[in-house]
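Examining the three-dimensional arrangement
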Protein chains: 2
Amino acid sequence: MLNAIFWSGGCARHELSDTLEFSRSKTNALAAGLLEQGLLDEVGLQLSRGGRRPETLRIDSQMGVVIGVDIGATSLDLALLRPDLSVVAKHSQTADVQLGPGPIMSRLRTLIPAMLAENGIAPEDVLSVGIGVPGPVNFAVGQLVNPPLMPGWDSFSIRDDIREVTSAPVFVDNDVNLMALGVLWRQHRQIQDFLIIKVGTGIGCGIVCHGELYRGASGSAGDIGHICVDPEGPVCRCGNRGCVEAMAAAPAIVEMAVEAAQSGRSPILAEKLKAKGRLEAIDVGAASRAGDAASDAIIARSGHLIGQMLAALVNFYNPSHVFVGGGVSGIGPMFLAAIRQSVSQRSLALSTRHLEITYAPLRNEEGLIGAGVLAMREALRIGSVAV
Amino acid sequence: MLNAIFWSGGCARHELSDTLEFSRSKTNALAAGLLEQGLLDEVGLQLSRGGRRPETLRIDSQMGVVIGVDIGATSLDLALLRPDLSVVAKHSQTADVQLGPGPIMSRLRTLIPAMLAENGIAPEDVLSVGIGVPGPVNFAVGQLVNPPLMPGWDSFSIRDDIREVTSAPVFVDNDVNLMALGVLWRQHRQIQDFLIIKVGTGIGCGIVCHGELYRGASGSAGDIGHICVDPEGPVCRCGNRGCVEAMAAAPAIVEMAVEAAQSGRSPILAEKLKAKGRLEAIDVGAASRAGDAASDAIIARSGHLIGQMLAALVNFYNPSHVFVGGGVSGIGPMFLAAIRQSVSQRSLALSTRHLEITYAPLRNEEGLIGAGVLAMREALRIGSVAV
C-alpha cells in the first residue's frame, strides 16, 4: 500500500482501493494502521465526489530522508530528499569519473555527513541511498561491469564504500535507468511503454515496459551507443565503424565544432576557441542561437544520426513516448526537430501515429530524482522504512 | 490456477502452491474442486520427494478442443488441439493472402466444420479459436490495421467472419506474436526476455518481456522489416532505402538467385529456373547443399544483413535468447552462422556473453501452437472453459 501511495504522489482512500483491488474496509483498516505507525499522513482535501470529502494520503514526510546521487561522466550531483522526493538540499559539482573511484568516493564520504549535519538530519534518519553511474551495473551486487567511460571502476563496490558513512541500504544502477525511473514516477506510472535517451559524453537509453523498468537478460538493455548508423563511418573505440555515439555524442559535436572553427567556416566558434582554448557542446548551442550556420549544421547532423538510430528502435519497440535528455539535449530546439524528422521519415506510420518525442520533463533532474525513486522503492520493498 | 497448470504443461500440487504462493491446504482444496468439475485430471506419478508420491495435475484433455489457425503470406495451416495443445488433427495448404479475405475465409468456413465432423467433435466442444495473420493487428477488436502484405484485409473483421461457423470466442493476433507465445509456452515461461525473428516473405519479430508478450503502445512492436541496414541500398516499397526486408527476405533471395542463374554464376540455379520457370528460397538452400558457391553467397548475404539489424536490437534489448524461424530459416545452417557472426561482431560483449541464437524450437509449428496458446490463454482468462 505504501508503494502505491508513493507512486501516486498522494491519493485518496477510494483511489487506493481501486488501484490495489482491496475492499474499502480493508483499505481503511490498513491506512489507519499505517497512519498510527507514522508512516502515512493525511493532507488537504480533494475535490468531493458527492459524499464525504476524502483526504489525501501521503507517505509521511517526517519519516526520514533518502539520499540520491547522480555520478555523471563529468559531474557529481547529490540531494537529500523527503519521501515524497521534495528536495531538502542539493549539491552539484564538476567531477571526472575517468580518474577512477578514489577522488569521487572520497568526495561523497565527506559530502554526505556534511549535508546531513547542515540540515540537522541524524544519520539514522537516512532510509536508503540511491546512486546512478554512467556505465553498466550488475544491479544485484551493486558493482560496475566493464564500464567503458569509467576506467578503474570495473568491479568496484560503490555500495561497500558508502557503507563507511551510513548504515542505510545502498542501491546502485545505471544513470539512464534512473532517468527512466524518475520519469515513470513523475508520470505516476501512467505511461506504460516508453524510452528515454540520454545524449551526453555517451548515448544510452532507459526502457520502460508494461510500467516497469526493463534491465534486460544480463542488465545491459538500453546500451545503444554502439548501434551502427553508417557502415562507412569512422572507427569507434569499440572497434566497429559508424557507432552513433562516436558520430553524434558530445565529443563528436566538439570535434566537428573545432573543425568548423579551424577551417574558417564558423567565425563565432573560432573566436570562442581562441578565448577558451577549447570548445564544448554548449558552445555550439550558443553559436547556433547567435545565428551561426555551421553550428546549425552540426546540431542537425547529430540529431539526424540519433533519429536514424531511434527510428529502428521505434519500429521494434513501438513506445508511446520517447524522452530526450542528457547534457547535449540542451543544445537547442533544432536538435529535437532533427531527431523527430529522421524518426518520422524512417519509422512506420503505425509506430509513429501516436508517438510523442519530447525533451525529458524533469529539467535535467531525472537522474537525481530517479536515484531518489530507486532509494524509496527499494526502502519500501525491503521494509527499511518500517524499522 | 488453471492458467498456472496450463503454462507448466502439468505439475504437482506442491509445485503449484510454490508458483501461486498459496498454502498447501488452499491449493489442495482448489485442485479438488477443479477435479470434481472435470476441468483437471490427475496423471502418472512424479518422482517422490520423500513423502507421499505427488500426482501430476493437468488440464483435463477431454474438456474440449481449441482451434489454432496460422494464416501465412503463402500458406494456411489449421489444427484442432487438446487443452494440453496435443494435436488432434491438422491441415495445411498453400494459399495467397494477397487475394484478399474472400478465398481464405471461405476455405476456413468449410474446413472448420469438416475437421470437427471428421474427428467426431461437436461444435459446442470448441473452447475458443486463435488465429495468426501476417500483419499488424488491433488485438482488442481482432482487426488488421493497414497490413502491407495483405491488401484488401484492412479493417476486415476475421472474428465476425468466423462466428458464422462457431459460437466459440475468436482471438486474432499477429503471426510472429503467436510464434513468441508458442515458444514461451513450450519453455514453460522459464525464458523471460527473448526475441523470435520470422524470416519469410517479410521479416517480423515477437518480443517477450518479463515473461509476457509485449505488443507495444499501439500494437506494432516487432515490426522490424523496415529497419535500415544500408542507407545506399535499394528503394523499398515503403519509400525508404535499404530496408532489411527488401534486402534479405524471401523475395530478395529469389531476386538474387534469378540474377545468379541468368548471369551464369550458378549453373545449378540456372537449371532449376529452366525446369520450374521460377525460383524459390528453398531452391537456393538446395543448391547450397549441392555445393553451389553462388547460393552460399546469397544465403550468407541475407544472414549478414539480418544479423546486422539484429545486432542493434541485441544492444538495445539484451535478450537471453533469439530464436530464428519462418520459411527462410530452413535454407541451411549457413544462414544461422551468418546471423550469429554479424551479431557477435557488432554487439557489445556484455549483451552477447550469455546470448543464444538458435533456430526456433518448434519445427515451424510455433505459429500454429502459438495460435493454440492464444486460444487456451484467452479461454481461461474469460472463463469460457468453465461454462
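Residues numbered from 1 in each chain as written. Chains lettered and ligands numbered in written order. Predicted model: local features only at pLDDT ≥ 70, side-chain atom pairs only at ≥ 80, totals over all residues. Heavy atoms only, no water.

1. Side note on the overall build of chain A
A count of helical and extended segments in chain A gives 14 helices and 15 strands. Expected size for 387 residues packed as a compact globule is a radius of gyration near 21 Å; at 23 Å, chain A falls within 12% of this value. Projected onto the principal axes, the alpha-carbon positions of chain A cover approximately 70 × 50 × 40 Å. The buried share of chain A, reckoned over its 387 residues, is 58%. Taking the contacts inside chain A whose residues are at least 6 apart along the sequence as the reference set, 60% of them involve residues at least 24 apart. Element-wise, carbon and sulfur atoms account for 50% of the exposed surface of chain A, whose accessible area totals about 15,500 Å². Charge separation in chain A, taken as the distance between the mean sites of 32 positive and 38 negative side-chain charges, equals 4 Å. (Helix = DSSP H or I, 4+ residues; strand = E, 2+ residues; numbered from the N terminus. Rg over C-alpha atoms; globule rule 2.2 N^0.38 Å. Buried < 20%, exposed > 50% of the residue type's maximum accessible area, 1.4 Å probe, protein only. Contact = heavy atoms within 4.5 Å. Areas by Shrake-Rupley, 256 points an atom, 1.4 Å probe, with all protein chains shown as cover. Lys, Arg positive; Asp, Glu negative; His and termini not counted. Charge placed at Lys NZ, Arg CZ, Asp CG, Glu CD.)

2. Remarks on the relation of the copies chain A and chain B
Expressed as a screw transformation, the operator carrying chain A onto chain B has a rotation angle of 180 degrees and an axial translation of 0.0 Å, and the superposed copies differ by an RMSD of 0.0 Å. Classification of the inter-copy transformation places it as that of a two-fold axis. (Least-squares fit on C-alpha atoms with pLDDT ≥ 70 in both.)

3. Some words on the domain arrangement of chain A
All names here are of chain A. Its domain assignment divides chain A into domain 1 (2-59), domain 2 (65-184) and domain 3 (188-359). Relative to domain 3, the C-alpha centre of domain 2 lies at a distance of 26 Å. On the side of domain 3, 21 residues touch domain 2, which itself brings 16 residues to the contact. Considering only the surface of domain 2 that becomes buried against domain 3, Val176, Met179 and Leu184 emerge as the three largest contributors, covering 38% of it. Counting across the domain 2 and domain 3 interface gives two salt bridges. Of the charged contacts, one joins Asp175 and Lys198 as a salt bridge, the two residues approaching to 2.7 Å between their closest N and O atoms. For the side of domain 2 that touches domain 3, the leading source of residues is helix 6 (residues 175-186), giving eight residues. (Domains from an automatic or database assignment. Buried area = accessible area lost by both parts, 1.4 Å probe. Salt bridge = Lys/Arg side-chain N within 4 Å of Asp/Glu carboxyl O.)

4. Points about the sheet that holds strand 13 (residues 212-213) of chain B
All names here are of chain B. On the basis of which strands lie adjacent, the open sheet formed by five strands has the order 13-12-11-14-15 and mixed pairing. In the strand order of this sheet, the two ends are held by strand 13 and strand 15 (356-359), each with one partner. Of the pairings in the sheet, the one linking strand 14 (residues 321-325) to strand 15 comprises four bridges and is parallel in character. From the neighbouring strand, Phe323 faces strand 15, where its bridge partner is Thr358. (Pairing = 2+ DSSP bridges.)

5. Side note on the interface of chain A and chain B
Tallying the contact residues gives 45 residues for chain A and 45 residues for chain B. Here chain A packs against chain B, burying approximately 3,600 Å² in sum over the two surfaces, 59% of which is carbon and sulfur. At the boundary of chain A and chain B, one finds zero salt bridges. Those elements that place two or more of their residues in the side of chain A that touches chain B are strand 12 (203-209), strand 13 (212-213), helix 11 (293-317), helix 12 (333-346) and helix 13 (349-352) of chain A.

6. Concerning the sheet that holds strand 5 (residues 75-81) of chain B
All names here are of chain B. Spatially, 6-5-4-7-10 is the arrangement adopted by the five strands of the open sheet, whose pairing is mixed. Of all strands in the sheet, those bounded by a partner on one side alone are strand 6 (87-94) and strand 10 (170-174). Within this sheet the neighbouring strands show an average axis-to-axis angle of 15 degrees, counted without direction. As judged from the seven bridges shared by strand 5 and strand 6, these two strands associate in the antiparallel manner. Each residue of the ladder has a partner; that of Leu76, found in strand 6, is Gln93. Across the sheet, helix 6 (residues 175-186) lies against strand 4 (65-71), strand 7 (126-133) and strand 10, angled at about 100 degrees from strand 10, the strand it touches most. (Axes fitted to C-alpha atoms, helices over the stretch in contact; angles between N-to-C directions.)

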